[in-house]
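Chain by chain, the residues:
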Amino acid sequence: MAGPPPRRRTAIWAFLPLLLFAALAALFYVRLYAGDPSELPSALIGRPVPAFELPPVEGLARNGAPVPGFSAADLKGEVTVVNVWASWCGPCRAEHPLLVELARDDRFRLVGLNYKDSPANATRFLNALGNPFSAVGADQSGRVGIDWGVYGVPETFVVGRDGTIAFKHVGPLDPDSLATRLKPAIEAALAKPATS
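Residues numbered from 1 in each chain as written. Predicted model: local features only at pLDDT ≥ 70, side-chain atom pairs only at ≥ 80, totals over all residues. Heavy atoms only, no water.

K.L.:
Got a minute to help me understand the packing of aromatic side chains in this structure?
P.N.:
The geometry of an aromatic ring pair is captured by two quantities: the separation of the ring centres and the angle between the planes. The full count for this structure, using the stated rule, is five aromatic pairs. Residues F52 and F70 carry aromatic rings whose centres are separated by 5.6 Å and whose planes lie at 90 degrees to one another, so their mutual orientation is edge-to-face. Placement of the pair is F52 in the loop between α1 (6-32) and β1 (53-54) and F70 in strand β4 (residues 70-71), with a sequence separation of 18 residues. Of the residues examined, F52 reaches a relative accessible area of 10% and is grouped as buried. Looking at F70, the relative accessible area reads 2%, which means it is buried. Ring geometry for W148 versus F157: centroids 4.8 Å apart, planes at 75 degrees, classification edge-to-face. With relative accessibility at 1%, the residue W148 sits in the buried group. Put simply, the rings of F52, F70, W148 and F157 pair up and form one aromatic cluster. (Phe/Tyr/Trp six-rings, centres within 6.5 Å; stacked < 30°, edge-to-face > 60°. Helix = DSSP H or I, 4+ residues; strand = E, 2+ residues; numbered from the N terminus. Buried < 20%, exposed > 50% of the residue type's maximum accessible area, 1.4 Å probe, protein only.)

Written as C-alpha cells, this is what we have:
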C-alpha cells in the first residue's frame, strides 16, 4: 500500500505553521521573563570611565553656591557613585530618598548625571526632593550617557579610586538592591587599595 491518503497529509501541513508559531511564542515568552534586568552586562566594567566633561546644571545651587558639573578627571582619587537620573523619570523620584540616605556616608562621593533633561526641571526636582549630589553634570544631548552604555534612567555606577568602573546597576534602587548589590560594590571599591 502507498501510505496515508493525500487529504490527511495536507491537514498535517496546514497545522505546521501554527505549531511553529506556538513554539516561537513560547520561546520568546520564556526569554522575555528570564533573568534580572538590573544585571545587564556592561562592557565597561573594569575599564576606565569614558572621556567626558559635563557642565553644571544651569541655575542649580546648594547653600547659595553653584553645584559644579564634573568630568572623567574628577572621578579619580576617591570612590565615586554616579547616578544617572532625570526629572521626567518616575523611578528616579522613587529611588531618590535612598540616594539622600546614601549621601550621608562621607567615605565616597555621590554625583549625578542629569540625562536629557531641562535645567529648570532638574533644578525644580532637586530643590523639591533634596540634592544628595556633590556635583551634577548636565547631559542634555544624552551623548555622555551613550558613552557610558546607559540603557535608560535610572542607572547607578560605582567608580574606583583609579577611575575604573567597578559596578553598574540598571533600574531604580530599592532597599534590597541598595543593601545586597550597591553597598557591597561600594565596600569592595573602598577596600581596594589605590593604585598609581
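From this point, the discussion proceeds with the structure in view.
K.L.:
Explain the nonpolar core to me, please; I cannot follow it from the model alone.
P.N.:
Generally speaking, nonpolar side chains in soluble globular proteins are found buried as a group. Formed by 49 residues in total, the largest nonpolar core has its most connected members in F70, L75, V82, W148 and V158. Elements that contribute at least two residues to this core include exactly β5 (80-85), α2 (90-102), β6 (109-115), α3 (119-129), β7 (135-139), β8 (155-159), β9 (165-170) and α5 (175-191). If one sorts the elements of this core by residue count, α5 sits on top with six residues. Excluding its chain neighbours within four sequence positions, the residues that come into contact with L75 are V49, F52, F70, T80, V82, R109, V111, W148, V159, G160, R161 and G163. (Core = buried A, V, L, I, M, F, W, Y, C linked by side-chain atoms within 4.5 Å. Contact = heavy atoms within 4.5 Å.)

K.L.:
Which parts of the structure should I look at to understand a nonpolar patch on the surface?
P.N.:
Judged by side-chain polarity, F15, L16, L18, L19, L20 and F21 come together as a nonpolar surface patch covering roughly 660 Å² of accessible area. Along the chain, F21 turns up in helix α1. (Patch = residues over 30% accessible without salt bridge, like charges linked within 9 Å, V, L, I, M, F, W, Y side chains within 5 Å. Areas by Shrake-Rupley, 256 points an atom, 1.4 Å probe, with all protein chains shown as cover. Salt bridge = Lys/Arg side-chain N within 4 Å of Asp/Glu carboxyl O.)

K.L.:
It is not clear to me how α3 should be interpreted in this structure. Could you clarify?
P.N.:
Because each turn of an α-helix spans 3.6 residues, side chains separated by three or four positions in sequence point in the same direction. Buried within α3 we find A122, T123, F125 and L126. Projected onto a plane normal to the axis of α3, the buried residues spread over an arc of 160 degrees and lie on a single side. Opposite the buried face of α3, by more than 90 degrees, sit the exposed residues R124, N127 and A128. Packing partners of the buried residues in α3 comprise β5, α2, β6 and β7. At the C-terminal side of α3, G130 shows a positive phi close to 100 degrees. (Arc of directions from axis to C-beta.)

K.L.:
Any chance you could explain the packing of α2 against α3 here in plain terms?
P.N.:
Packed helix pairs are specified by the crossing angle of their axes together with the interaxial distance, meaning the distance between the axes. Viewed as axis vectors pointing N to C, α2 and α3 meet at an angle of 50 degrees, and their least axial separation amounts to 11 Å. As far as their axial angle goes, α3 and α2 are oblique. Judged by the sense of rotation from one axis to the other, the crossing of α2 with α3 is right-handed. Contacts between α2 and α3 involve C92, R93, H96 and V100 from the first element and F125, L126 and L129 from the second. A per-class count over the contact of α2 with α3 returns five nonpolar, one polar and one charged. (Axes fitted to C-alpha atoms, helices over the stretch in contact; angles between N-to-C directions. Parallel < 35°, antiparallel > 145°, perpendicular 65-115°, else oblique. Left-handed = near helix turned anticlockwise from the far one by under 90°. Nonpolar A, V, L, I, M, F, W, Y, C, P; charged D, E, K, R; others polar.)

K.L.:
Mind showing me how you'd approach the sheet that holds β9 here?
P.N.:
Strands belonging to one sheet form pairs held by backbone hydrogen bonds; the direction of such a pair is parallel or antiparallel. Taken in spatial order, the five strands make up an open sheet running β7-β6-β5-β8-β9, and their pairing is mixed. Taken across any chain shown, the strands that pair with only one partner, and hence form the sheet edges, are β7 and β9. Pairwise comparison of adjacent strand axes, ignoring direction, gives a mean angle of 20 degrees for this sheet. Strand direction decides the pairing type here: β6 and β7, joined by five bridges, are parallel. If you follow G112 over to β7, its bridge partner there is V136. (Pairing = 2+ DSSP bridges.)

K.L.:
How should I be thinking about the state of the cysteines in this particular structure?
P.N.:
One covalent bond between the sulfur atoms of two cysteine residues makes up a disulfide. Under the criterion given, the structure shown has one disulfide. One disulfide bridge connects C89 with C92, the sulfur atoms lying 2.4 Å from each other. A torsion of 85 degrees about the S-S bond marks the disulfide between C89 and C92 as right-handed. Accessibility classification places C89 together with C92 in one group, the buried group. (Disulfide = S-S within 2.5 Å.)

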